[in-house]
Amino acid sequence: MLLPELVRFHLTGEPPTDTEPAPPGLRPAVLASLQDLSTLRYDFPLLLTENGDSLTLSLSELFDDILREVAPPGPSGERIRRHLLGLELRIRRAVSGGEVGLLSQMWEAAAKGLLAETNADEAALVQASLAKAEAARLVDGRAVDCDDRLASDFLEHIWTAVGKRQRLVVRQEIAELTLRLSNILQADYSRSQAGLAPERLAGSVGVSHRREFDFEAWSRMVTGTPSGAVGPDRRRRLESILSILENQRFIPGGKATPYSFRFDRATAAATAFRQRVPEMLELIKAMTIARLEIENRYREPKHDEFFAAFDETSPTAQDLAAFPSYLVTMQAEDVVGTEQAQLVDILSSSLPIKVLVESDDILGESPIGDVRWSPGVGGGRLGNLAIGLGEAFTMQSASSNLPRMEETVVAGLSHQGPALFSVFGGSKKHVRDLPRYLTAASAMRSRAFPAFTYDPGAGDDWAARFRVDGNPAADDDWPVEALTYEDDNLQRITEEVRFTFVDFAACDSRYADHFVPVPRSSWNDQMEPAWRFLNGEAPPGKVPYILMATADNLLQRLVVDRELIEAARRCRRQWNSLQELGGIHNSHARRLLEQARARWEEETARELKEVTAGSAAAAVIVEERPVEELETPPAVEEAAVVELPEEAPPADEPYIETARCTTCDECTTLNSRMFAYDENKQAIIADLGAGSYRQMVEAAEACQVAIIHPGKPWNPSEPGLEELVERAAAFN
Amino acid sequence: MATRLDSPPPGIDDTATVLEEHIIDIVSDSGEGAQKCGQSLAGIAARMGNGIWTVEIIPAEIQPPARSIEGASGNRTRLATGPVGNGGDAADLVVAFNEQVLLGRLRAQELKPGCIVLMENMWESNPDPEIAASYVAVRDELVADGYQVYEIPMEEKCLEYVADPRRGKNMFVLGLLCRIYSLDLDLAREQVAFTFAKKGDRVILPNQQLLQAGWQWAEESLDLRFRIPATPPREPRVVVNGNTAIGLGVMASGMEVCAMYPITPATSASHYLSEIFEKVGGVVHQAEDEIAACAFAIGASYAGKCAVTITSGPGYSLKQEGIGLAVMAEIPLVIVNVQRGGPSTGQPTKAEQGDLLTSVFGSHGDAPKVVMGVGDIEDCFYSIITARRIAETFNMVVVVLTDASLATAQQPFIRPRFSEDWLAPPIDQSPIPDGAEPYEWDRDSGLARRFIPGQPKGMHCLTGLAHDRSSTVAYDPSINQEGLRNRSMKLAAFQKTLMPAAVVGDQEGELLVVGWGSTKGAIEEAVERVRADGHRAGSMHLKFLQPMAPGIAEAMQRFEHVMAVENNYCDYVGDGLIDNENRRYTNLAWMLRARTLIDIDCWGEVRGQPLKPGRIEEVLREKLS
Amino acid sequence: MALTATDCVLLSDDERSTIEDYEGGVPRWCTGCGDNAILTSLQRLCRDEQLPQEKVVFVSGIGCSGRFPHYMNTYGFHGLHGRALPVAEGIKIRRPDLHVFVNTGDGDCCSIGTAHWIHALRYNMDMTVVMHDNRTYGLTKHQASPTSPLGLKSNTTPYGADLNPLDPLSVTLGVTNASFVAQAVDWIPELLHQIVSLAFHHKGFSFIRVLQRCPEYLPAFFDPWVQDPARVLLLSHQDGIQPAPSLSRTYRNQEEHDPLDLLRAKDIAAGADAIPVGILYRNPEIPRYEELRKPDRLYTPDAIAKGFEAELDRFTIWPEQEEKEHAAT
């Protein structure tokens, strides 16, 4: 195979004449060692736990926890470790073999299997290890693998758990409101004529005392007390809201069968929501009234009117948060037509509808054309679209990454508005040679389907709302991988490669035309790794290739055509803009920083010029300061006590330091018209004219805390002023 | 399966002597399980339909020395064909784990002359010659005095099944007794399983083996065979002791708060309540002292949650100031006084009825309150329900008097059918009508509606000072007069709801015996015995001591003599300086004399034990002669 | 804070209480009595917090401080000498909706009611406790109280008090579970009010000792401190009181004291020269008894019936037929 032919292929997509078909089982070279996942201890199988601190837990984490508890360091611990890892492996194999069910069941089967294969000498020891582990295993739950059911199982599991927590609180409140409302009626009844009727009284005493009482007489004796405080209007109101609380269908625990909140179409969820709105408003209204009634805060003249006009605008976000969210799970291919339109409507609204869209193909053809016109847009577009809508919680992730997304999913399900969870589950149809887990993981690594989270509830700006840090090497265009292999001379070689969109596309059988396998004999220096091409690091005239491994673990180079390189660049640009939104390499920030630096340099230079020009004698050293410091304002020395200007007391006029008054009544007792209390019950001079200077001086003397300052006399004709002024001096 | 009255149960030989009743004492050192043995025996008999009454024999110390006369611990069971209302007179059969505890019962005159004695025989071969000699001496004395002594190798037999026979003898003895009294062995096995249910099969199985062994040994080696015919129960019944019944009563009364401080013999009621109360939302508060317990209960009650405080003698004295406040401020409050011997620390574990006058007149000034007496175990339960009802209807303090003998005694009663009407109504938080005042005393009944914090427009300052209708501190003398009148009037109002006191037995004749509280069964039995001899006698048991039911004086006038019989102290004319001018009467006699102006006599005894029918019978005969 | 529609309805209510709404009877304390400052401060607190009058209970014992509830237009409980605290505990145990305040005096709290004081600290129930400490018995006309200084002449100590006074702050700080300990003086109402407000917002047992002048029996006793601001030590902190600048000009003797610093608090309490004013100790983490003993389910007739029947089952002897039926269910 000649180089010019390869160049032509690269530029035009026309394969060389001697192209041989790609050998079967080709897979990215960096994944070559991961063929049998069941031997690996990784995130799967995952337990959807029913009783644990977290809602999910990987099988290996569970076993690590158990081992920490039951396997001490040393030989005996080693033995236990060996036994239990054997058990774990069996469970792992069972799950990857397609078994479904509770961990406890699989555990039992695996333990049986393990014992069956243990020789008689060790059986007792294995038994002991198993018993210890069983006792230390505190959690149970369904064990799931990274397969096509994962995303919906995972989401439904967390949705159920989050909902249960939320509902428990609401359920308790409804139960309590119901009880306390009926208590109002019950308390009223117990004081009423009926409640004090002879037969009620007879029922209320101990059986051994029934013959001791004349209940007719008792009843006559006690009906003299007032009764029946609940008037007819209030009774009607209480009975009506009680009935609403008891018959509501939103929260389990009432008399009626609760509604279902699980849907497989966005349209169905939206319709159900709308149909239930009147009933929901009734319930919110009933709860609102109930809380007022219980606190005796319902004022008929005012509140009757308010509640008559109670409509969709009345409930607060807090009221709505009491209600379960709606969960919709859909396949990406079903998000078309009305469903698509409805989904956009939902995501633009504030409805509590949570939508999972699962796709198993992100490289497929779009309705508007093949890869040439719409490369790699498949499942990714929904997530990008949802971000743009602004207020919908959005999460995008490959299914392989879900075990790390528990908190995010909880946040999305707890978010008050709509949420979209867009998950790529790995393609089975077009990628036959890789397990789903690896396909999904590769989609994320290659940036074909990056993970991100947009949480509008987390803050007001992008920095708070948007995260891409869940992706591998999120700061880079593509993550760096170390590829180790043996060359022809059996020398161990480690090479740094990057796993790009091209490598990901190479796994998909529909993209075979974009590659030409090159036999080892034709490898040459003009061939350059594709990632260098993408980075623009390749000199002209070279052809890009990627490394793949054959079924028997031999390296192969595949030359890539230009069209795919272009598609990969587009993919990188999309990734770069996601990075920017997530605060990585933000171009606005970079630009601002550059401008600031330039300004600073300019100013420094000018100052330097001025200084040197002004005083030749003094050598001035200007220290270079980092740019950031310029942004902060000069530090202000904070005073321990902010000194306020002294209140200039009017020298001649009497006054009281009211804030220091202890309400001791001395002055007000002396003259209650001259001295009075303000709204905080502290003394003020209310009417100077209502008293004499003598009284003012006496009040100053009587004041326990000496806060009355008599000033100068205001009526020169008052007798004995001279002496009074002298006495007043001590208080002025 | 159950025993029928007319014929022996299948599988039981009918050579057994048929008895109307028997009293069985089982005594051991503390910790050897004689109490459990007696309770189980009673349980089995109750299941078969016998009437039972059990009395605990309790040493005063937690760990009395082994083999001591005062250390006797155990249980008396009175087994009868029909219902029984007291523990009876003296034992017909006694089982003793050592001769010292046996001696204790003998000295206390608790054994019928010539009764059957079953003794553990291991002591005779004890290496300590003193012990061996002591055993032989007691045995020989009993034999000489005509007791039917059987020596039982309890230790020896138990060692075949368990390593520590101290922990197994009681079940061996249970088996023995089941055989002697022809009780159903299957029921006995069930009872053992029930007794040790919490501990599981590991404990149940060996104990069932011991039971079987005791039965077997009696079958082969004893010629004692009795049968006390029973009527199979038709209705479910419960078997509990008095303090447990009080705990159940608190739960069923809808009270939510119990404040207490540990004191014997009241505490076990709070123990039981602590175990069960939280499950239904209640709280048992162990306060820092009796005074605080009372104040805490008053606080809870004031805030709308009618509360109970449970105590005994010294604790009851400490609560007097609080009781006065509750009376003055008209806060409903239930106080249970499980009476013990007094004054002062007195006899903490012993039975006495000495607190009646204290309860009626306690707290300084005029402090009217309702005082109830409890006659039997069933009454312990129902009295709490009734007391809560009265307290909240009349806004009064209600004192429920029970005592140490009822506290630990067991007697079956018909399983109560729960009624929501027993429960306290919810807290009233409705607004108070304009112009209403916190003490709007009704002119006739003295009753006023209670204001509870949280009720709008009901704000007022409750006070222990004399106050007027608006709860304002009264400085005007007529206001104090009015307040005292109204609080007294409530008692009169309550009295008007009571039915006339009933007389049991002859309705007129030679002698009327009046009693209250735990002596009910013994008095009624004693009166029956003298009536059987042709005397015309009756008894009257007062459940309400303050106020008292109407018609008491009228009933007394139908009899030649009236006598109060109580478990508290009185003087006797002719004893030293005592004459009719200085004689002090039993509690109830004081009150009845004052109220009826009838010169009634009284008899009382304070030996720390429940009154026995035989002793009362003697007293009545003397009076009748 | 997340609001419900109920909150919105309530917040839009135009019924606002004024200080007069909380005023009860006309105080019968002596003119010039420091209790007036405490009364004003608590009335202001109720007004500031807009507490519904019917949801407030002031509990007191006996003594001048005992009259306090009569002067509030709220629920009041003027009970027994020394027993205000257990009454208040009983009120609070099942009524979390009520705001409970306790007014007690140096005799009421530190003498006859000492046991209750110590244990109330241990229970740490949510209530605000003001100890009016005028260092003498006022209502019974001038006898020595536990906090009277050595040598004080009174009707029961005509030749001078024999014993050193008890220090309520040190005692309080030494009790397990003490969660809020503060001291105020009646003659600096601004700080008294700040302290009362912090105490009210503390979830737990807040103990405030207020040094309070008795114009009748100890008219000049506090003069040295009232007249010399240097002898008052203000304990300021961002989690404690923050004296206004105008006050700081008068009271320059200040210390920045972290209310979580228990050791320093004990030192300050034991210090002899200056009267400390402020929050000595505050620990919001200590569990509250009423929370610990809170029922975990609603107290409904059904729940009681179920619990009761289950208990009876433990003690029941069933007739043969019913036994089988019962076992079957």
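1. Describing the overall build of chain B
Turning to step 1, where the next piece is worked out: Scanning chain B from N- to C-terminus turns up 20 helices and 23 strands.
Turning to step 2, where the next piece is worked out: Its C-alpha atoms give chain B a radius of gyration of 27 Å, within 12% of the compact-globule value 25 Å for 625 residues.
Turning to step 3, where the next piece is worked out: When its C-alpha atoms are laid out on the principal axes, chain B stretches across 85 × 60 × 50 Å.
Turning to step 4, where the next piece is worked out: The burial tally for chain B puts 66% of its 625 residues in the buried class.
Turning to step 5, where the next piece is worked out: Within chain B, contacts between residues separated by at least 24 positions form 77% of all contacts whose residues are at least 6 apart in sequence.

2. Notes on unusual backbone geometry
Turning to step 1, where the next piece is worked out: Of note, the bond from Thr-264 of chain B into Pro-265 of chain B is cis; its omega dihedral lies within 30 degrees of zero at -5°.
Turning to step 2, where the next piece is worked out: Within the secondary structure, Pro-265 of chain B is located in the loop between strand 10 (257–260) and helix 9 (267–276).
Turning to step 3, where the next piece is worked out: A cis amide bond, omega -5°, links Gln-546 of chain B with the succeeding residue Pro-547 of chain B.
Turning to step 4, where the next piece is worked out: Here Pro-547 of chain B is to be found in the loop between strand 21 (544–546) and helix 18 (552–556).
Turning to step 5, where the next piece is worked out: Residues other than glycine seldom take positive phi values, yet Arg-447 of chain A does so here, at roughly 70°.
Turning to step 6, where the next piece is worked out: If you check the backbone angles, Glu-330 of chain B has positive phi at about 60° while not being a glycine.

3. Section: the pattern of salt bridges
Turning to step 1, where the next piece is worked out: Inspection of the entire model under this criterion finds 107 salt bridges over all chains.
Turning to step 2, where the next piece is worked out: Arg-621 of chain B serves as the salt-bridge partner of Glu-617 of chain B, at 2.9 Å between the closest nitrogen and oxygen. Here the residue Glu-617 of chain B and the residue Arg-621 of chain B both occupy positions in helix 20 (residues 613–624), the gap between them amounting to four residues, near one helical turn.
Turning to step 3, where the next piece is worked out: By relative accessible area, which is 28% here, Arg-621 of chain B ends up partly exposed.
Turning to step 4, where the next piece is worked out: One salt bridge in this structure joins Asp-97 of chain C and Lys-55 of chain C, with 2.9 Å as the shortest N-O distance. Of this pair, Asp-97 of chain C sits in the loop between helix 3 (84–93) and strand 3 (99–105) while Lys-55 of chain C sits in the loop between helix 2 (35–49) and strand 1 (56–60), placing them 42 residues apart in sequence.
Turning to step 5, where the next piece is worked out: Taking the relative accessible area as the measure of exposure, Lys-55 of chain C reaches 5% and is therefore buried.
Turning to step 6, where the next piece is worked out: Ionic contacts of the salt-bridge type, sharing partners, join the residues Glu-21, Arg-78, Asp-89, Glu-525, Arg-529, Asp-533, Glu-617 and Arg-621 of chain B into one network.

4. Here's the deal with the interface of chain B and chain C
Turning to step 1, where the next piece is worked out: Counting from both sides, the interface comprises 75 residues of chain B and, opposite them, 57 residues of chain C.
Turning to step 2, where the next piece is worked out: Together chain B and chain C conceal approximately 5,500 Å² of surface at their shared face, both sides included; 62% is due to carbon and sulfur atoms.
Turning to step 3, where the next piece is worked out: Ranking the residues of chain B by area buried against chain C places Glu-288, Arg-415 and Met-459 of chain B at the top, with a combined share of 13%.
Turning to step 4, where the next piece is worked out: Linking chain B with chain C are seven salt bridges, by the criterion used here.
Turning to step 5, where the next piece is worked out: One salt bridge in this structure joins Arg-94 of chain C and Glu-256 of chain B, with 3.0 Å as the shortest N-O distance.

5. Brief notes about the environment of Pro-613 of chain B
Residue and element names in this part refer to chain B.
Turning to step 1, where the next piece is worked out: Within the element layout of this structure, Pro-613 appears in helix 20.
Turning to step 2, where the next piece is worked out: By relative accessible area, which is 0% here, Pro-613 ends up buried.
Turning to step 3, where the next piece is worked out: Expressed as a C-alpha distance, the spacing of Pro-613 and Glu-525, which sit 88 residues apart in the sequence, is 6.0 Å.
Turning to step 4, where the next piece is worked out: In this view, Pro-613 contacts Asn-86, Gly-88, Asp-89, Ala-522, Glu-525, Ala-526 and Arg-529; residues no more than four positions away in its chain are not counted.

6. Side note on the interface of chain B and chain A
One frequently used descriptor of interface size is the decrease in accessible area upon assembly of the parts.
Turning to step 1, where the next piece is worked out: Contact residues are listed per partner, giving 33 residues for chain B and 30 residues for chain A.
Turning to step 2, where the next piece is worked out: Summing both partners gives a buried area of about 2,700 Å² for chain B against chain A, and 62% of it is carried by carbon and sulfur.
Turning to step 3, where the next piece is worked out: Our count for the chain B to chain A interface comes out at two salt bridges.
Turning to step 4, where the next piece is worked out: Between Arg-200 of chain A and Asp-421 of chain B there is a salt bridge whose closest N-O contact spans 2.7 Å.

7. Things to note about the packing of helix 2 of chain C against helix 7 (residues 189–201) of chain C
Residues and elements named next belong to chain C.
Turning to step 1, where the next piece is worked out: One can describe the packing of helix 2 onto helix 7 by two numbers: an axis separation of 9 Å at closest approach and a directional angle of 50°. Judged by the inter-axis angle, helix 2 sits oblique to helix 7. Along this stretch, helix 2 crosses helix 7, giving a crossing that reads as right-handed. On the side of helix 2, the interface is formed by Ala-37, Ile-38, Ser-41, Leu-42, Arg-44, Leu-45, Asp-48 and Glu-49, while helix 7 contributes Leu-192, His-193, Val-196, Ser-197, Phe-200 and His-201.
Turning to step 2, where the next piece is worked out: For the contact of helix 2 with helix 7, a count of residues per class yields seven nonpolar, four polar and three charged.

8. Regarding the domain arrangement of chain B
Residues and elements named next belong to chain B.
Turning to step 1, where the next piece is worked out: According to the domain assignment, chain B consists of domain 1 (17–227), domain 2 (239–422) and domain 3 (503–624).
Turning to step 2, where the next piece is worked out: Here the C-alpha centre of domain 3 lies 36 Å away from the C-alpha centre of domain 1.
Turning to step 3, where the next piece is worked out: Between domain 1 and domain 3, the residue contacts involve seven residues of the former and nine residues of the latter.
Turning to step 4, where the next piece is worked out: Interface area, domain 1 with domain 3, both sides summed: about 640 Å², of which 32% is carbon and sulfur.
Turning to step 5, where the next piece is worked out: The interface formed by domain 1 and domain 3 includes three salt bridges.
Turning to step 6, where the next piece is worked out: In this structure, the connection of domain 1 to domain 3 is made through eight residue pairs in polar contact (both at pLDDT 80 or more).

9. Notes on the sheet that holds strand 17 (residues 461–463) of chain B
Hydrogen bonds between backbone groups are what pair the strands of a sheet, and the pairing can be parallel or antiparallel.
Turning to step 1, where the next piece is worked out: The strand order across the open sheet built from ten strands is 17(B)-2(C)-1(C)-3(C)-4(C)-6(C)-5(C)-9(C)-7(C)-8(C), with neighbouring strands paired in mixed fashion. Two strands bound the open sheet, and with one partner strand each, they are strand 17 of chain B together with strand 8 (254–256) of chain C. The mean inter-strand angle of the sheet, taken between neighbouring strand axes irrespective of direction, is 20°.
Turning to step 2, where the next piece is worked out: For strand 1 of chain C and strand 2 (residues 75–78) of chain C, the ladder comprises four bridges, and the chain directions are parallel.

10. Observations regarding the packing of helix 9 of chain B against helix 12 (residues 301–315) of chain C
Turning to step 1, where the next piece is worked out: Taken N-terminus to C-terminus, the directions of helix 9 of chain B and helix 12 of chain C make an angle of 125°; their axes are 11 Å apart at the nearest point. Classed by the angle they form, the pair helix 9 of chain B and helix 12 of chain C counts as oblique. Viewed along their axes, helix 9 of chain B and helix 12 of chain C form a crossing whose handedness is right-handed. In this structure, helix 9 of chain B uses Tyr-272, Glu-275 and Ile-276 of chain B to contact helix 12 of chain C, whose residues at the interface are Glu-311, Arg-314 and Phe-315 of chain C.
Turning to step 2, where the next piece is worked out: Partitioned by chemical class, the residues of the contact of helix 9 of chain B with helix 12 of chain C number three nonpolar, no polar and three charged.

11. Brief notes about a negative patch on the surface
Residues and elements named next belong to chain C.
Turning to step 1, where the next piece is worked out: A contiguous patch of negative charge on the surface is contributed by Asp-239, Glu-256, Asp-258, Asp-261 and Asp-267.
Turning to step 2, where the next piece is worked out: Relative to the helices and strands, Glu-256 is located in strand 8.
Turning to step 3, where the next piece is worked out: Since its relative accessible area comes to 59%, Glu-256 is described here as exposed.

12. Things to note about the confidence of the model for chain A
All names here are of chain A.
Turning to step 1, where the next piece is worked out: Per-chain confidence: chain A averages 86 in pLDDT, with 92% of residues scoring 70 or above.
Turning to step 2, where the next piece is worked out: No element of chain A has a lower mean pLDDT than helix 22 (residues 627–631), at 45, and none a higher one than strand 5 (residues 262–263), at 96.
Turning to step 3, where the next piece is worked out: In the predicted structure, residues 616–645 sits below a pLDDT of 50 and forms 14 contacts with residues beyond four places in sequence or in another chain.

13. A short note on the sheet that holds strand 3 (residues 56–58) of chain A
All names here are of chain A.
Turning to step 1, where the next piece is worked out: With antiparallel pairing, the three strands of this open sheet are ordered in space as 3-2-4. Single-partner strands in this sheet number two, and they are strand 3 and strand 4 (141–144). Strand-to-strand, the axes of this sheet are offset by a mean angle of 25°, without reference to chain direction.
Turning to step 2, where the next piece is worked out: Note that strand 2 (residues 46–49) and strand 4 share four bridges and pair antiparallel. Across the sheet, the residue bridging to Leu-46 is Val-144, located in strand 4.

14. Section: the nonpolar core
One broad rule of soluble globular proteins: the nonpolar side chains tend to lie buried together.
Turning to step 1, where the next piece is worked out: Of all hydrophobic cores here, the largest spans 172 residues; its most connected members are Phe-381, Ile-390 and Leu-542 of chain B together with Val-59 of chain C.
Turning to step 2, where the next piece is worked out: If one sorts the elements of this core by residue count, helix 14 (residues 377–394) of chain B sits on top with ten residues.
Turning to step 3, where the next piece is worked out: Leaving out residues up to four positions away in the same chain, Val-59 of chain C has contacts with Pro-69, Phe-77, Ala-84, Val-87, Ala-88, Ile-91, Val-100, Phe-101, Val-102 and Asn-103 of chain C.
Turning to step 4, where the next piece is worked out: Phe-307, Leu-343, Ala-392 and Met-405 of chain A belong to the second-largest nonpolar core, a separate cluster that totals 87 residues.

About the criteria used
- Numbering of residues begins from 1 in every chain and follows the order in which that chain's sequence is written.
- To label them, take the chains in the order written and letter them from A, then take the ligands in the order written and number them from 1.
- With the structure being a predicted model, the display of local features is reserved for residues of pLDDT at least 70 and the display and counting of side-chain atom pairs for 80 or more, all residues being used for whole-chain, interface and lining totals.
- Excluding hydrogens and water, the side-chain figures rest on all heavy atoms present in the structure.
- Put simply, DSSP H or I for four residues or longer makes a helix, DSSP E for two residues or longer makes a strand, and each gets a number counted from the N terminus.
- For this measure, only C-alpha atoms enter the radius of gyration; the expected value for a globule follows 2.2 Å times N^0.38, where N is the number of residues.
- A 1.4 Å probe rolled over the protein chains alone gives each residue an accessible area, and that area as a share of the maximum for its type sets the label: buried under 20%, exposed over 50%, partly exposed in between.
- When checking whether two residues touch, look at their non-hydrogen atoms; a contact exists if any pair is within 4.5 Å.
- Here, a salt bridge means any Lys or Arg side-chain nitrogen found within 4 Å of an Asp or Glu carboxyl oxygen.
- Joining two parts hides part of their accessible area as seen by a 1.4 Å probe, and the buried area is that hidden amount summed over both.
- A fitted line through C-alpha atoms represents every axis, and for helices the fit uses only the stretch in contact; the resulting angles, taken between N-to-C directions, go from 0 to 180 degrees.
- An angle below 35 degrees is read as roughly parallel, one above 145 as roughly antiparallel, one from 65 to 115 as roughly perpendicular, and any other as oblique.
- Handedness of each helix crossing follows the sense of rotation of the near helix against the far helix: counterclockwise by less than a right angle gives left-handed, clockwise gives right-handed.
- Each residue gets one of three labels, nonpolar for Ala, Val, Leu, Ile, Met, Phe, Trp, Tyr, Cys and Pro, charged for Asp, Glu, Lys and Arg, and polar for the others, Gly among them.
- By convention here, the domain bounds are inherited from an automatic or database domain assignment.
- Pairs of N or O atoms within 3.5 Å make up the polar contacts considered here, provided that, within protein, one atom can donate a hydrogen while the other can accept it, and that residues adjacent in sequence are counted only when both atoms are side-chain atoms.
- What makes two strands pair is DSSP finding at least two bridges between them.
- Patch members must show over 30% relative accessible area and no salt bridge, and they are joined within 9 Å when carrying like charges or within 5 Å when they are nonpolar side chains of Val, Leu, Ile, Met, Phe, Trp or Tyr.
- The method behind every accessible area is Shrake-Rupley, applied with a 1.4 Å probe, and residues are considered shielded solely by the protein chains displayed.
- Here Asp and Glu are counted as negative and Lys and Arg as positive; His is not counted, and neither are the chain ends.
- Taken as the charge location is NZ of Lys, CZ of Arg, CG of Asp or CD of Glu.
- Per-residue confidence from the predictor is reported as pLDDT, a score between 0 and 100.
- Residues belong to a common nonpolar core when they are buried Ala, Val, Leu, Ile, Met, Phe, Trp, Tyr or Cys residues joined through side-chain atoms within 4.5 Å.

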